[in-house]
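Per-entry structural report
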Amino acid sequence: MKTKKKEIVFNEKTIKRLLKICDAATEPPWYFEEHSCKCCAYVTNKKGECSSNIMYVVNGFPGSWHENAIFMANAREALPAALKEIRRLKKEKCNGNNG
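What comes next is a walk through the structure.

This brings us to the pairing of strand β2 (residues 40–44). Most of β2 is tucked away, with 5 of its 5 residues classed as buried. Here β2 shows a buried face lined by Cys40, Tyr42 and Thr44 and a second buried face lined by Ala41 and Val43. Where strand β1 (residues 31–34) and β2 come together, 4 bridges link them in antiparallel fashion. Bridge pairing in β2 links glutamate 33 to tyrosine 42.

This brings us to the pattern of salt bridges. Per the stated rule, a full pass over the model turns up 3 salt bridges. For glutamate 12, the salt bridge goes to arginine 87, with nearest N and O atoms at 2.6 Å. A residue pair is termed long-range when its members are at least 10 positions apart, and glutamate 12 in helix α1 (residues 12–24) and arginine 87 in helix α2 (residues 65–94) qualify at 75 residues. In this structure, the salt-bridge partner of arginine 88 is glutamate 85, at a minimum N-O distance of 2.7 Å. You can see arginine 88 and its partner glutamate 85 sitting in helix α2, 3 residues apart, about one turn around the helix. A relative accessible area of 41% means that arginine 88 is categorised as partly exposed. The partly exposed category is assigned to glutamate 85, whose relative accessible area is 34%.

A packed helix pair is summarised by two numbers, namely the angle formed by the two axes and the spacing between the axes. Taken N-terminus to C-terminus, the directions of α1 and α2 make an angle of 155°; their axes are 10 Å apart at the nearest point. For the element pair α1 / α2, the angle class is roughly antiparallel. Remark: the crossing between α1 and α2 carries left-handed chirality. Residues Glu12, Ile15, Lys16, Leu18, Leu19 and Cys22 of α1 touch α2, and the partners they reach there are Arg76, Leu79, Pro80, Leu83, Lys84, Ile86 and Arg87.

Conventions we followed
Residues numbered from 1 in each chain as written. Predicted model: local features only at pLDDT ≥ 70, side-chain atom pairs only at ≥ 80, totals over all residues. Heavy atoms only, no water. Buried < 20%, exposed > 50% of the residue type's maximum accessible area, 1.4 Å probe, protein only. Helix = DSSP H or I, 4+ residues; strand = E, 2+ residues; numbered from the N terminus. Pairing = 2+ DSSP bridges. Salt bridge = Lys/Arg side-chain N within 4 Å of Asp/Glu carboxyl O. Axes fitted to C-alpha atoms, helices over the stretch in contact; angles between N-to-C directions. Parallel < 35°, antiparallel > 145°, perpendicular 65-115°, else oblique. Left-handed = near helix turned anticlockwise from the far one by under 90°. Contact = heavy atoms within 4.5 Å.

Here you go:
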């Protein structure tokens, strides 16, 4: 049985909470790198360096491990940018500036 996904309300409290999580993570940029064995991938903050990895994503996890690692690497910069844009648009709407 599938569980119903909880809807996220992007109010200022939620935005602050999510940005705090982003700020606590390792500095961007993050990169996706596939291990030479093709059995796992890793997310790193130094392109081409396995020694500075942030996390491994191993084949066998539910879902697509390759795409999950790519998502994680890209989300590190995309999520904070999206949250800041939501905040900007809400402020613009409150100020009556509709573009």
